[in-house]
Amino acid sequence: MPPAGIWIDGLVQSCIYMTMAFGMVLVFSILGILNWTHGQFYMLGGFVVYYAVTAAGIPFPLSLLISGAVVGGLGMLVEKVVIERLTSPGYGILSVTAATNALIFFFEGAAGMGFGLMNKGMATVLPGVLDMGSFGVSYQKIAVIVFTLIIMVAMYIVLNLTKVGKAIRATSQEPDAASLYGVSVKWVRVIIMGIGCALAAMAGGVIGIVQSVNPFMGRIPMIMSLLAVVIGGLGSLTGAIVGGIMLGLLNSVIAYSISYYSEVALFMLVIILLLIRPQGLFGAAPK
Amino acid sequence: MIIGRYYIDHKSVVPKIVIGALIALVAIFPLFTTNMVTLSIIILSGIWAIAVMGFLLILRTGQFSLGQAAFMAIGGYVSAILTVKMGMSYWPSFVAAGIISGVIAFIIGIVVLRAGGIYFSIITIAFGEIVRIVAMNWESVTQGASGILTHAPESLTVGNLEINFAASVVPYYYFMLLLVTVSALFYWQIDRTRIGGTFRSVAANPVLAEHLGINLMKHRLIAFTVAGLFTGLAGAYYVTFLSVMNPLIFDLWKSVQIMMMTIVGGMGSIVGGPIIGATLLYTLGIYLSRVPIPNIQYLVFGGVVVLLLLVLPKGTGLVDQWGKLWRRVFGEPEDFQMPGEEGMDEE
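Calculation rules
Here the residue index of a chain counts from 1 through its sequence in written order. Labels are handed out in written order, letters beginning with A for the chains and numbers beginning with 1 for the ligands. With pLDDT at 70 or above as the cut-off, local features in this predicted model cover only qualifying residues; side-chain atom pairs require 80 or more to be listed or tallied, and sums for whole chains, interfaces and linings still use all residues. Each side-chain value is derived from all of the structure's non-hydrogen atoms; neither hydrogens nor water enter the calculation. Helix and strand assignments follow DSSP, with helices taken as H or I runs no shorter than four residues and strands as E runs no shorter than two, numbered in order from the N terminus. Here the globule rule is a power law, 2.2 Å times the number of residues to the power 0.38, and the radius of gyration is based on C-alpha atoms. Throughout this description, buried means an accessible area under 20% of the type-specific maximum (1.4 Å probe, protein chains only), exposed means over 50%, and partly exposed covers the range between. Per-residue accessibility takes into account occlusion by the displayed protein chains alone, with areas from the Shrake-Rupley method and a 1.4 Å probe. Charged residues are defined here as Lys and Arg on the positive side and Asp and Glu on the negative side; His and the ends of the chain fall outside this count. Each charge is placed at NZ for Lys, CZ for Arg, CG for Asp and CD for Glu. We call two residues contacting when some pair of their heavy atoms lies within 4.5 Å. For this analysis, a salt bridge means a side-chain nitrogen from Lys or Arg found within 4 Å of a carboxyl oxygen belonging to Asp or Glu. Note on method: axes are straight lines fitted to C-alpha atoms, helices fitted across the in-contact stretch only, with angles between N-to-C directions ranging 0 to 180 degrees. In this scheme the crossing of two helices becomes right-handed for a clockwise turn of the near helix relative to the far one and left-handed for an anticlockwise turn of less than a right angle. When residues are grouped by polarity, Ala, Val, Leu, Ile, Met, Phe, Trp, Tyr, Cys and Pro land in nonpolar, Asp, Glu, Lys and Arg in charged, and all others, Gly among them, in polar. Here a Phe, Tyr or Trp ring, Trp counted by its six-membered ring, pairs with any other such ring whose centre lies within 6.5 Å, and the pair is stacked when the planes are under 30 degrees apart, edge-to-face when over 60, and tilted otherwise. Multiplying one less than the number of residues by 1.5 Å gives the expected span of a helix.

Engineer: What should I look at first to understand the overall build of chain B in this one?
Structural biologist: Within chain B one finds 16 helices and 4 strands. For 347 residues, the compact-globule estimate of 2.2 N^0.38 gives 20 Å, and chain B sits close to it at 20 Å. Looking at chain B as a whole, 54% of its 347 residues are labelled buried. Carbon and sulfur atoms form 67% of the exposed surface of chain B, whose accessible area is close to 15,100 Å². With 18 positive and 17 negative side-chain charges, chain B shows a separation of 5 Å between the mean positions of the two kinds.

Shown next as structure tokens:
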């Protein structure tokens, strides 16, 4: 049995994967595409929080909100300029896949030019360790878990108790019927892309205090959250949460026993799962 | 997935003699310049074009694989390990690289092609990552991140002409042309005969195709295996030309680039599109990497690809514009209508 510290680290990773996978599923359920640039919005969010905290001296929770707003706005812009055109009838799914993949290079290049390639840490935010008897947990890791919980509760409220959330849920079920009832499907798409990207950005900002921020930090979480999405089942929000938690914990626990090959084991596990249950754990069976 | 509808065939617009002249120009190109840099750009673009054709062949069956670079890595590692570690001469190891890569594609295909669509893409990503991680950490065989240094292929003797690969880059150029020609002919033959039509029907409507008695799995597997074989050969040749193999040469981002080359080049022609896309994007990447500002190359590369996708008309690539350009410059043949154009304007 791995020590408790490993489980805590796994939980921290889970929080990140879960938030990102949640945003990805939201975008998928409305736009019908996978946003391959998700990891780069995560990276940009980390940078916004870093500069807000270190350069502007804004308190950490507030800078998280700022990063959500800034990167969410950027995501909306991307939806409006690129994705809306490339998902219009006549385009195949490949055009938008290639475009969002090209944006990966675009944003990484932009971040590398603008912010430099060095690792940037935010260790000064919330220093200190909580003593739990046999082991200690740093306040930063607790902050990651707490903020993720807050974000997820906020998402629950937005999706289930507000009018916007109702419009989003209606659009994801029946876009045509929703537009007949006065929902502007075009705007729901833009808003959902904003929310999805804001979630990724906040995940990046939250992890910035534990790990460091650099232009290429988005690549592995992107692949991991993609796997979390397919484990849970494309289009299932519960699935995204469960998949994210599973992946984060498994990754950390397997890495404890077999180090480098943990990712191989993890990928194998996902492949086997997909072959046994192609629609994922919580996905609807294919019609 | 809408793929099958936009194969616009412009072959009848551009005279065959123009294409023939272009090919002849490429064939005698080393007469004009033996500049190492220029020739290596063409050689490497040609190698990428082979991989892109493989991607497009798999795409013809409606699946898109994001693990094609992994097959190049397998081919590269097989040839590097056989020549450097086991002392085999290059040419048998080159053939072995293709065969092993094809066999691995076949085995992987049996397993992962059962999950179609986006799941297939994600599993192939996972497969590519597995290959990379294993190559990175299996130090006794692959020498980890530092990589394997390979040497030039042995000289070949054809008649009384000795082809010495160690002396200059020109033999590499002609072998690349041979490799591209052979694989292009193979892919083209598959694409234009009955089996290519079957591939398209599998992509366009799997349910109907299955009811017509087409074995979906079999055809997807054929495409995946053939693509794996040629991609492995391309990888083996790429590695010999660079004379080094390490896990970073063929990572996930190379698979992503293969996909971008396909889309930008155009899916209308299985040979023309990949060659145009691979040459343009690879050359763009090389010239950008000379710009002294760090990271601007990624920014411009990504930006150019997105712009091209936005500017090009619905779902077409550069190869589909080739005929349009020709008509604009040299006038329109009488009563010419592109096949399939009627239906496209309605949407």
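Structure's up, so let's keep going.
Engineer: Teacher, can you tell me more about the environment of Thr231(B) here?
Structural biologist: All names here are of chain B. Summarising the element assignment, Thr231 is placed in helix H11 (residues 216–242). On the accessibility criterion, Thr231 (0% relative accessible area) is buried. Each residue touching Thr231, except ones within four places of it in the same chain, is listed here: Ala51, Gln68, Phe71 and Met72.

Engineer: Whenever I open this one, the pattern of salt bridges confuses me. Can you help?
Structural biologist: Opposite charge on two side chains lets them pair, provided their charged atoms get close. All names here are of chain A. Applying the stated criterion across every chain, the model contains 8 salt bridges over all chains. With a closest N to O distance of 2.8 Å, Asp9 and Lys141 form a salt bridge. Within this pair, whereas Asp9 is found in helix H1 (residues 4–31), its partner Lys141 is found in helix H5 (residues 139–161), the two being separated by 132 residues in sequence. On the accessibility criterion, Asp9 (31% relative accessible area) is partly exposed. A salt bridge links Arg189 to Glu79; the shortest N-O distance between them is 3.5 Å. In this pair, Arg189 sits in helix H8 (residues 185–208) while Glu79 sits in helix H3 (residues 60–86), placing the two residues 110 residues apart along the sequence. Classification of Arg189 by relative accessible area gives buried; the value is 16%. Since its relative accessible area comes to 0%, Glu79 is described here as buried. Where salt bridges share partners, they join Lys80, Glu84 and Lys186 into one cluster.

Engineer: What is the right way to read the packing of helix H5 (residues 90–112) of chain B against H11(B) from this model?
Structural biologist: Residues and elements named next belong to chain B. Direction vectors running N to C along H5 and H11 enclose 150 degrees, while the axes themselves pass 7 Å from each other. Viewed along their axes, H5 and H11 form a crossing whose handedness is right-handed. Residue-level inspection shows Tyr90, Phe94, Val95, Ala97, Gly98, Ser101, Gly102, Ala105, Phe106, Ile108, Gly109 and Ile110 of H5 in contact with H11, the latter providing Met217, Leu221, Phe224, Thr225, Gly228, Leu229, Gly232, Leu233, Ala236, Tyr237 and Thr240. Broken down by class, the residue content of the contact of H5 with H11 amounts to 15 nonpolar, 8 polar and no charged.

Engineer: Is there a simple way to explain unusual backbone geometry in this structure?
Structural biologist: Glycine aside, the phi torsion of most residues is negative, and most peptide linkages are trans. All names here are of chain B. A positive phi angle is found at Ser243, which is not glycine, with a value near 55 degrees. Summarising the element assignment, Ser243 is placed in the loop between H11 and strand E4 (244–245). Judged by relative accessible area, which is 31%, Ser243 ranks as partly exposed.

Engineer: Looking at this model, I keep getting lost on the packing of aromatic side chains. Mind explaining?
Structural biologist: We describe a pair of aromatic rings using the distance from one ring centre to the other and the angle between the two ring planes. Residue and element names in this part refer to chain A. Evaluation of the coordinates by the stated rule reveals 27 aromatic pairs over all chains. Ring centres of Phe60 and Phe147 lie 5.4 Å apart, and the angle between their planes is 70 degrees; on these two criteria the pair is classed as edge-to-face. On the criterion of sequence distance, the pair formed by Phe60 in helix H3 and Phe147 in helix H5 is long-range, its members being 87 residues apart. A residue is classified by how much of its surface remains accessible, and Phe147, at 17% relative accessible area, is buried.

Engineer: Before we go on, may I ask you to explain helix H2 (residues 38–54) of chain A in this structure?
Structural biologist: Every α-helix winds through 3.6 residues per turn, so residues three or four apart in the chain are directed the same way. Between the first and last C-alpha of H2(A) there are 25 Å, a value that for 17 residues agrees with the 24 Å anticipated at 1.5 Å per step. Counting buried residues in H2(A) gives 14 out of 17 residues, a clear majority hidden from the surface.

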